[in-house]
Each structure stands twice: as structure tokens, then as C-alpha cells.
Amino acid sequence: DGFGIRGSPLNMGGPLKALRDRGALSVGNPKGAHAISVDARAPDFDGGIVTRIDSVPLSIMVNKAGRRFADEGEDLWPRRYASWGHLIAAQPDQIAYSIFDSQVNDLFIPGLYPPYRAETLDGLADHAGLPLDALERTIRQFNASVPDDPPFDHGGLDGRSTTGLDIPKSNWALRIDRPPFYAYPLRCGITFTYLGVKVDAEARLQTGEGRVDNLFAAGEIMSGNVLTAGYLAGFGLTIGAVFGRIAGSGAGRHASSGA
Ligand SMILES: Cc1cc2nc3c(=O)[nH]c(=O)nc-3n(C[C@H](O)[C@H](O)[C@H](O)COP(=O)(O)OP(=O)(O)OC[C@H]3O[C@@H](n4cnc5c(N)ncnc54)[C@H](O)[C@@H]3O)c2cc1C
């Protein structure tokens, strides 16, 4: 229920279903999806790019109980952002909060909706509906684990990692102590799913009886052939461009062969 669909509500997978019903082999995890952190205040469909929230690696992420649940600084954001939707969806009520302060507020692309803002943690907890005691405890423990060195550098992995926490923050750890304080409420936003039709290297559709010579697939409908583990920003359009060219060239050759 807590999931948002980042694209059109009209894109219901009709062509994928039709192909599978006619014997196309499937590929990709049926439960897998490119799923990111979007503003929880976004509409259920078509929130688009402006509701994506990129503050995660510069913040701490807490669930509705005010507790951290994953390493916000594990890797560069373009390599990690597509895993945060699933992490948030696994939290109580499928919601989480990105908490940060004035030091980092202008270091990421702002979302469509302004974050909650308060001069005190008390005020922030009130705005976000978070339990103050738990939030203060989490931030106190987090701040105590933040090192003085190396210097903060969000242009790369800076190695500025917390020490002594059950769940570390492996890079970009900064104390949250400079008001105003901010919070984005976040939920899981599905960009696209990984279930698709199986193709060969020439983008020809595969069935249980072999390949279909005059049917090609490119883009999301076959992205599961490529996206077997993880996602790097830009792969969606790259899969469409690369396999679109392969499929288009193959279809053209097939048509001109007269077969
Ligand atoms: C909000 C958002 C942000 C994104 N940001 C990025 C990004 O920054 N970088 C990146 O690489 N990728 C991004 N993507 C993913 C990228 O947009 C897609 O991977 C890409 O558009 C897929 O292209 P496609 O042609 O395979 O599918 P689509 O663009 O989905 O085209 C499929 C077409 O089929 C039509 N269709 C569906 N059902 C039927 C039917 N029954 N009959 C006839 N037509 C039908 C649809 O209307 C649609 O026009 C983003 C996606 C979303 C939703």
C-alpha cells in the first residue's frame, strides 16, 4: 500500500503480459524493481523526477520509531539510490525519514516539497510525527560516533565513517548539530520492474521453442536480461538506447532479407 509509482498509471504491462501469454520466456526477478526514496507526500502515480529525494547519503535515515536501519553512506549515491526503496518498504508502515541539518541542506537537488524544518530537534520531531526521545537518542549516539577526520568530501567516498555503531555510516558522517534541522518523510517509489521477456544477444525474443526471427525487444520490457544485480544511474535509458539500436538494426536486416 505504501508504494508510489513514479511513472504513468496507464503503463500496466499489457504488452509484457501478451508476450508471456503467447510463450515468451520470462527473465528477471518478478518481485524485483528499481525502487528509490521518494517524498512520502508525493501522489501515488506520476510523481516523476521531482519527488525523488537525494538527501539520504548526507543524512541519517530513521524509521517511524526514530531508529536507524541501514548504512546511508555505503557507496556513491548513483550506485546505491535504487536500493533505498526496498529498504524503506521493509520498515514499519513503509515509511522513513531523512534527517539532516543546515550543513548539508544545499548539497543535493531539492525535492518538489520543502523538507520539514525546525530550530530544535523537539520542533522537528513534532513536525515529522517522530518520537522525540528515540530521535534524540539516535542522534546523540550517532553524533558521538562521528570522527573528526578525514575531512568531509561528498564529491567521492571520503572514508568519514562512524565508529562503534551497530549500523555504521561508512562515508560522509557529519554530526547533526547545526540548526535549523530538517526532515523529509520518504516512501518507496517504483520506477520500473525487472520482470521481462528473454532475448538473445541480437535482442530477438526467446520462447520455449527457440527464438522468434521477426520479433525483437528493447528497453524496460527486457531490462531483466541486464539488471541481474544492482543498478547504476542511467542504466534504464542506456538499456533502451543500446538494445533499441541492436533490435532496430536486426529488424531492418530481417525485413530487407525478405525472409
Ligand atoms: C520518474 C522516472 C524517472 C526516471 N529517471 C531515469 C533516469 O534518470 N535515467 C534513466 O536511465 N532512466 C530513468 N527512468 C527509466 C526510463 O525512463 C525508462 O527505462 C525508459 O523510459 C524505458 O523506455 P521504454 O521505451 O522501454 O519504455 P516506456 O518509455 O515505458 O515506453 C513504453 C510505451 O508503451 C506504451 N504502452 C504500454 N502499454 C501499451 C499497450 N497495451 N498498447 C500500446 N502501447 C502501450 C506506453 O504508453 C509507453 O509509451 C525513469 C523512469 C521514471 C518513471
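So, here is what we can say about the structure in this document. (Residues numbered from 1 in each chain as written. Predicted model: local features only at pLDDT ≥ 70, side-chain atom pairs only at ≥ 80, totals over all residues. Heavy atoms only, no water.)

### Quick notes on the layout of surface pockets
Argument step 1. The space that makes up the largest pocket amounts to roughly 640 Å³.
Argument step 2. When contributions to the lining of the largest pocket are tallied by element, the ones reaching two or more residues are helix 1 (14-21) and strand 7 (181-193). (1 Å grid on protein atoms, 1.4 Å probe; cavity = no way out; pocket = protein on both sides within 12 Å on 5 of 7 lines; lining within 4 Å. Points joined across faces, edges and corners; volume = space filled by probe spheres on them. Helix = DSSP H or I, 4+ residues; strand = E, 2+ residues; numbered from the N terminus.)

### Here we look at a negative patch on the surface
Argument step 1. Taken together, Asp 122, Asp 126, Asp 133 and Glu 136 make up a surface patch of like negative charges.
Argument step 2. Secondary-structure elements contributing two or more residues to the negative patch are helix 4 (121-128) and helix 5 (132-144).
Argument step 3. In this structure, Glu 136 sits in helix 5. (Patch = residues over 30% accessible without salt bridge, like charges linked within 9 Å, V, L, I, M, F, W, Y side chains within 5 Å. Areas by Shrake-Rupley, 256 points an atom, 1.4 Å probe, with all protein chains shown as cover. Salt bridge = Lys/Arg side-chain N within 4 Å of Asp/Glu carboxyl O. Lys, Arg positive; Asp, Glu negative; His and termini not counted. Charge placed at Lys NZ, Arg CZ, Asp CG, Glu CD.)

### Some remarks on the site of the ligand
Argument step 1. What surrounds the ligand is a group of 14 residues, the closest being Asn 11, Thr 191, Glu 220, Gly 234 and Leu 237.
Argument step 2. Asn 11 is positioned with one of its side-chain polar atoms (N or O) 3.1 Å from an oxygen atom of the ligand.
Argument step 3. Between Leu 237 and the ligand, the recorded distance is 2.7 Å, taken from a backbone N or O atom to an oxygen atom.
Argument step 4. Bound to the protein, the ligand loses 51% of the 1000 Å² it would expose on its own.
Argument step 5. No other element matches helix 6 (residues 235-257), which puts 3 residues into the shell around the ligand.
Argument step 6. When the residues that make up the shell around the ligand are grouped by side-chain class, the tally is 5 nonpolar, 7 polar and 2 charged. (Near = heavy atom within 4 Å. Polar contact = N/O pair within 3.5 Å; in protein donor to acceptor, adjacent residues only side chain to side chain. Nonpolar A, V, L, I, M, F, W, Y, C, P; charged D, E, K, R; others polar.)

### Re a nonpolar patch on the surface
Argument step 1. Taken together, the side chains of Ile 49, Val 50 and Leu 112 make up a nonpolar region of the molecular surface, amounting to roughly 290 Å² of accessible area.
Argument step 2. Along the chain, the position of Leu 112 falls in the loop between strand 5 (96-101) and strand 6 (116-118).

### Some words on the environment of Gly 66
Argument step 1. Considering the arrangement of structural elements, one finds Gly 66 in the loop between strand 4 (60-63) and helix 2 (77-80).
Argument step 2. In the structure, Gly 66 is positioned 64 residues away from Leu 130 in sequence and 6.3 Å away in space, judged by C-alpha atoms.
Argument step 3. The contacts of Gly 66, once residues within four sequence positions are left out, are Leu 130, Pro 131, Ala 134, Leu 135 and Thr 138. (Contact = heavy atoms within 4.5 Å.)

### Regarding unusual backbone geometry
Argument step 1. A cis amide bond links Asp 149 with the next residue in sequence, Pro 150, at an omega value of -5 degrees.
Argument step 2. The step from Pro 179 to Pro 180 runs through a cis peptide bond, and the omega angle for that step is 0 degrees.
Argument step 3. In the Ramachandran plot, Ala 203 falls in the positive-phi region, its phi being about 70 degrees despite a non-glycine side chain.
Argument step 4. Positionally, Ala 203 belongs in the loop between strand 8 (196-197) and strand 9 (204-207).

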